[in-house]
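# Breakdown of the fold
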Amino acid sequence: FMLPSASRRGVLVAMAGTAASYGRLGTGAATALSSSAADSSSCANTSMPALGLGTFLIIRERISAALRSAVLGPGNYRRIDCAPVYFNEDAIGDALRDEIYGRMPHDGGGGGETKPLSREDLFLVSKLPGVYMRPEHVEAALRKTLSDLRTDYLDLYLIHWPAPMRHVPFPPDGYRGWPDEAIDDSGDGENLVYDVSVHDTWAAMEDLVASGLVRRIGVSNFPVALLHELATRSRVLPFVNQVEIHPYHAQEGLVRYCRARGIAVQAYSPLGTRGYASMEGAEEPHVLEDPALVGIAVERGVSPAQVALAWAIRRGMTAVAKSEDPSRQAENMAACRRGEGSLVESLTAEEITAISGLDRGHRFFRPEEWWGDSAYAVFN
């Protein structure tokens, strides 16, 4: 399901599924993913970079600048997280074509990459909106995204929310973007539908892998029970479950389940998304002002945001973080790099325990509040 209306909502990021061979994936896929570094040289086609640039709430007019600083700047981002309900995929596609492909990347001062960037150097992620979860609409939805992003394939395609909505007609062929926000309007729950099986949607997703249009498939915002049910009849296990995870919402049970099943976990809103919630008029806690995080950050001479990101990576997951500021983009990426002396590796067991102990089960994204009196509650 998507959120009520993109003017008020806009769902969040997601990540998922590797199907190098078209068959059931086991623990090896997740192990390879979780152990990969947030390395600017990560090959988009063989590994998923540990940190991706989130594009939710980046307005169209600022997309080009955000991508230039992230991909070509010191952060050397290679994973871009997109979604139709962010209503900027066409702007991203234009920026990639006009501002990224063919440009020389930043070498980080180490003489790394020396060739112009191409599509194969990036890891592009997008998501299936709830209005297109009927199996007969899945491929058409993907092809719309491919057209907007100006690419022939995706590295990862996710079911955005496990909540189908009433179908919305596609724009005419060749139309870039969307004429309105109807694909993200749940009508306070009135547009949710209850006759679409997640198994049927997933079978159509698996067919996309077989066709070569996507390289990996996964899910987002799936709780354990639904993820377990999906896995019982899947030919390709979800490569990733992208969910809200931050120090105030650690999701330890979900993380343990995914680890046991070989499904990688990706954290969206890893720094908390108080700004989004504040747009809704809600009083929300500020994760990055928590004294425990601030204390660790001061002791180590880093920012609280870097501590929160390093904690997530240390737990064996990947992350998506939105930033348009070049210095913060680079700072976030630096926090996710692994290796001797890195923040990820140097966090002590006591610090990890202290951060994990902040968990209060607080979600900034609460679909039960978006869907009115609908009986469909994903997380309850």
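To continue, consider the side chain of Glu351. Within the secondary structure layout, Glu351 lies in helix α13 (residues 349-356). Excluding residues within four positions of it along the chain, Glu351 makes contact with Ile296, Arg300 and Ser346.

It is the contact of helix α4 (residues 135-149) with helix α5 (residues 198-211), at a shortest axis distance of 8 Å, that shows an interaxial angle of 40°. Of the possible angle classes, the one that applies to α4 and α5 is oblique. Read as a crossing pair, α4 and α5 show a hand that is right-handed. Packed against α4, whose contacting residues are Pro135, Val138, Glu139 and Leu142, the element α5 presents Asp200, Thr201, Ala204, Met205 and Leu208 at the interface. Per-class residue counts for the contact of α4 with α5 are six nonpolar, one polar and two charged.

In space, the eight strands of this closed barrel follow the order β1-β2-β3-β4-β5-β6-β7-β8, with parallel pairing throughout. Strand-to-strand, the axes of this sheet are offset by a mean angle of 25°, without reference to chain direction. Pairing between strand β1 (residues 51-54) and strand β8 (residues 318-321): three bridges, direction parallel. Residue pairing in the sheet places Leu53 in a bridge with Ala321 of β8.

This next bit is on the packing of aromatic side chains. A full pass over the atoms with the stated rule returns eight aromatic pairs. Between Phe56 and Tyr86 the ring centres are 5.2 Å apart and the planes differ by 45°, which places this aromatic pair in the tilted class. Taken together, the positions of Phe56 in the loop between β1 and α2 (60-72) and Tyr86 in the loop between β2 (79-81) and α3 (89-100) put the pair 30 residues apart, joining distant regions of the chain. When its relative accessible area of 8% is taken as the criterion, Phe56 is described as buried. Judged by centre distance (4.1 Å) and plane angle (15°), the ring pair of Tyr132 and Phe170 falls under stacked. Pair noted here: Tyr132 is in the loop between β3 (123-128) and α4 and Phe170 is in the loop between β4 (156-159) and α5, with a separation of 38 residues, a long-range link. Looking at Arg215, its charged tip hangs above the ring of Tyr153, at a distance of 4.0 Å from the centre. Over the face of the ring belonging to Tyr248 we find Arg360, whose NZ or CZ atom lies 3.8 Å from the ring centre.

Parameters at a glance
Residues numbered from 1 in each chain as written. Predicted model: local features only at pLDDT ≥ 70, side-chain atom pairs only at ≥ 80, totals over all residues. Heavy atoms only, no water. Helix = DSSP H or I, 4+ residues; strand = E, 2+ residues; numbered from the N terminus. Contact = heavy atoms within 4.5 Å. Axes fitted to C-alpha atoms, helices over the stretch in contact; angles between N-to-C directions. Parallel < 35°, antiparallel > 145°, perpendicular 65-115°, else oblique. Left-handed = near helix turned anticlockwise from the far one by under 90°. Nonpolar A, V, L, I, M, F, W, Y, C, P; charged D, E, K, R; others polar. Pairing = 2+ DSSP bridges. Phe/Tyr/Trp six-rings, centres within 6.5 Å; stacked < 30°, edge-to-face > 60°. Buried < 20%, exposed > 50% of the residue type's maximum accessible area, 1.4 Å probe, protein only. Lys NZ or Arg CZ within 6 Å of the ring centre and 35° of its normal.

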